[in-house]
Amino acid sequence: MRKKMLAVMMAAVMAMGALTSCGGKEKTLNIGVVQLTEHPALDAAYQGFVDGLAEAGYKDGENIKIDYNNAQNDQSNCTTIAEKLVNNKSDLIFAIATPAAQACAAQTTTIPILVTAVTDPATSGLVESNDAPGGNVTGTSDLNPVVEQIGLLKKLLPEAKTVGVLYCSAEDNSIFQANIAKAEIEAAGLTYVEATVSNTNEIVSVVESLVSKVDVIYTPTDNMMAEGMAAVTSVATEHGIPCIVGEEGMVDNGGLATYGLNYYNLGKQTAVMAVSILKGEKKPADMPIEYLTSYELKINEDTAKALNIQIPADLK
């Protein structure tokens, strides 16, 4: 009789344990993150993502575990991190910037990957199309309002005739934006001089080569140029050349002005997409790439003063 009672009690305990594991306590989800480099825009995108998840009830250390990794602007590090996140069986991977996204996409076709700070995922080979990704990758684009930025250039610098288009030739998204900019510059009745760099050591010499050729420099969102923006503006400002740039972090580092994205909001928008995937409501293949629809004007008044540029009243 006692053995029978013990058997019944053990069965009850096991049943309770099974119920707890199935429904009493939710599984902790593993969110792997790889960020290309430390930069205010990319840092803001990550923070927006984390805050957006928390607002939806997915809090690090509670029901999710975020494994954050920074590749320090090294492509081989991106690959190593991506391999680790896949081997650790992440439930979802968040990749910040194109090289990080490409490294992750090369490692898995099954784990959902959300990207951000990628200008054109289709051109970068991450999705079949931006409207219908078709695989395990989707996310948000940081495509800037290039047309509006060139318009801003004309308004701030009405006497400018020649624009230096400065970007990294190794970044697909930079090439994509530069092509838009060149077409818009010509449409605005201006001419352009193309100037590219392949590593940070070339920045100063390339900018110096533009000094006698251009009236203004335009730089799109570009990871390498963002990292080296202080070097760009140091040379350019010394020679009286203003820089219209792709995002506000570049303005903080001496650029004159931009109509730019709020990368924190971009990260939060990506978090909304992540929640839909984590809840099993949607799959990346069926989720179009999303874009921010509002932009923010930012002007560096110290740079304007150093260059003796008067800011129109309607831009103040």
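Above: the structure in question.
Just so it is clear, the model here is predicted, and its values are computed rather than measured.

> Describe the environment of E83, naming the residues involved and giving the relevant values.
With respect to the helices and strands, the residue E83 is situated in helix α3 (residues 75-87). On the basis of relative accessible area, E83 is assigned to the partly exposed category, the value being 33%. The spacing of E83 and A187 is 104 residues in sequence and 45 Å in space, taken between C-alpha atoms.

> Give a description of the packing of α3 against helix α4 (residues 98-105) that names residues and reports values.
In the contact formed by α3 and α4, the axes pass within 8 Å of each other and the chain directions differ by 40°. Classified by the interaxial angle, the pair formed by α3 and α4 is oblique. Where α3 crosses over α4, the two elements pack in a sense that is right-handed. Taken together, the residues of α4 that come into contact with α3 (itself represented by Q75, C78, T79 and A82) are P99, A100, A103 and C104. Per-class residue counts for the contact of α3 with α4 are six nonpolar, two polar and no charged.

> Before we move on, could you go through the pairing of strand β7 (residues 191-197) and cite the residues and values that matter?
Note that strand β6 (residues 162-168) and β7 share seven bridges and pair parallel. Paired with T162 across the bridge in β7 is T191. With respect to chirality, the unit in which β6 leads through helix α6 (residues 172-187) into the neighbouring parallel β7 is right-handed.

> An account of the environment of E186 is requested, with residue identities and associated values reported.
Position of E186 relative to the elements: it lies in helix α6. C-alpha separation for the pair E186 and S124, spaced 62 residues apart in sequence, amounts to 26 Å.

> If you had to explain the environment of T37 to someone new, which residues and values would you point to?
Positionally, T37 belongs in the loop between β1 (29-35) and α2 (40-55). On a C-alpha basis, the gap between T37 and T98 in space is 11 Å, while along the polypeptide they are 61 residues apart. Residues contacting T37, with those up to four places away along its chain left out, are L42, D43, N70, Q72, N73 and E227.

> So what's going on with the pattern of salt bridges? Residues and values would help.
Counted under the stated rule, the structure contains six salt bridges. Notably, a salt bridge pairs K27 with D91, separated by 3.2 Å at the nearest N-O pair. Of this pair, K27 sits in the loop between α1 (2-24) and β1 while D91 sits in the loop between α3 and β3 (92-96); the two residues are 64 residues apart in sequence, bridging distant segments of the chain.

> Describe helix α9 (residues 229-238), listing the residues and the values that go with them.
Buried residues of α9: M229, V232, T233, V235 and A236, and no others. Seen along its axis, α9 keeps its buried residues to an arc of 165°; they face one direction. Where the residues of α9 are buried, they touch β6, α7 (203-210), β8 (216-219), α8 (223-227), β9 (243-245) and α10 (248-252). A positive phi of about 75° marks G240, the residue just after α9.

The rules we used
Residues numbered from 1 in each chain as written. Predicted model: local features only at pLDDT ≥ 70, side-chain atom pairs only at ≥ 80, totals over all residues. Heavy atoms only, no water. Helix = DSSP H or I, 4+ residues; strand = E, 2+ residues; numbered from the N terminus. Buried < 20%, exposed > 50% of the residue type's maximum accessible area, 1.4 Å probe, protein only. Axes fitted to C-alpha atoms, helices over the stretch in contact; angles between N-to-C directions. Parallel < 35°, antiparallel > 145°, perpendicular 65-115°, else oblique. Left-handed = near helix turned anticlockwise from the far one by under 90°. Contact = heavy atoms within 4.5 Å. Nonpolar A, V, L, I, M, F, W, Y, C, P; charged D, E, K, R; others polar. Pairing = 2+ DSSP bridges. Right-handed = clockwise from strand over helix to strand, strands pointing away. Salt bridge = Lys/Arg side-chain N within 4 Å of Asp/Glu carboxyl O. Arc of directions from axis to C-beta.

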